[in-house]
Amino acid sequence: MSDQVVLVNEEDEAVGLMPKLEAHQKGMLHRAFSVFIFNSKGEMLLQRRAFGKYHSEGLWSNTCCSHPFPDESTHHAAVRRLQEEMGITTDLNFLFTFQYHAALENGLTENELDHVFWGISDEKPLINTEEVSDFKYLKMSEIKADIDQNPTHYTEWLKICFDEVFEKIKLKK
């Protein structure tokens with residue numbers, strides 16, 4: 001079941017299941033999540049996706065992202081996946097949801113209703129090299145400047161939601 005994604009309507013109501021690759025081939029709307037972790041200095045933890053991923057390989061992205069299992073809450077999935085990908089366990093807070101549609105390489109399409117979470121941790125990442133090839137901490141202003149200068153170095157979903165995360169996180173601090 002772990003290769004299944006939850007298909008949803010625009011109200012985030014589950015309408016079925018589909019294999020993850022097939023959902024990305026057909027551009028079906030499905031549930032996802034993105035996690036943004038900050039250290040106590042206010043720097044954001046970026047991950048570089050592993051080479052060999054089925055899409056967006058080698059691109060810089062937010063700390064962690066994935067899809068919940070069927071019958072798993074997005075919050076539980078975000079906590080689980082953060083530990084699996086980055087070796088970090090911390091409290092996560094819901095920030096917002098957004099829907100996006102983006103064409104990717106290899107004829108794949110992202111069409112996701114994405115739940116965004118954030119947290120604070122000074123734990124040193126212990127990366128899962130099947131998922132992550134590198135990581136770094138940067139100030140959000142540095143990330144924004146680099147996205148503007150080098151957009152092809154970043155995942156589509158990060159570029160789409162970054163400004164809203166930036167604004168909402170500034171209000172939380």
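Heads up: these notes are all about the structure in this document.

Cut-offs used in this document
- Residues numbered from 1 in each chain as written.
- Predicted model: local features only at pLDDT ≥ 70, side-chain atom pairs only at ≥ 80, totals over all residues.
- Heavy atoms only, no water.
- Buried < 20%, exposed > 50% of the residue type's maximum accessible area, 1.4 Å probe, protein only.
- Helix = DSSP H or I, 4+ residues; strand = E, 2+ residues; numbered from the N terminus.
- Arc of directions from axis to C-beta.
- Contact = heavy atoms within 4.5 Å.
- Salt bridge = Lys/Arg side-chain N within 4 Å of Asp/Glu carboxyl O.

### Focus: helix α3 (residues 140-149)
Within α3 the residues assigned to the buried category are Met140, Ile143 and Ile147. Here the buried residues of α3 occupy an arc of 55° about the axis, which is enough to place them on one side. Of the exposed residues in α3, those oriented more than 90 degrees away from the buried face are Asp148 and Gln149.

### Digging into the side chain of arginine 80
By the secondary structure assignment, arginine 80 is in helix α2 (residues 74-86). Once you skip the residues sitting within four places of it in the chain, arginine 80 turns out to touch His67, Phe69 and Glu72.

### A few points about the pattern of salt bridges
For the structure shown, the criterion picks out twelve salt bridges. Across the pair glutamate 84 and arginine 80 runs a salt bridge whose closest N-O atoms are separated by 3.1 Å. With glutamate 84 and arginine 80 both in helix α2, this residue pair falls four residues apart, about one helical turn. In this structure arginine 80 comes out as buried when scored by relative accessible area, which is 16%. The shortest N-O distance in the salt bridge between arginine 81 and glutamate 85 comes to 3.1 Å. Of the two residues, arginine 81 and glutamate 85 both sit in helix α2, four residues apart, roughly one turn of that helix. Here arginine 81 matches glutamate 85 in class, with each residue buried. Several salt bridges converge on common partners, so that one network encompasses Lys53, Glu72, Arg80, Arg81, Glu84, Glu85 and Glu131.

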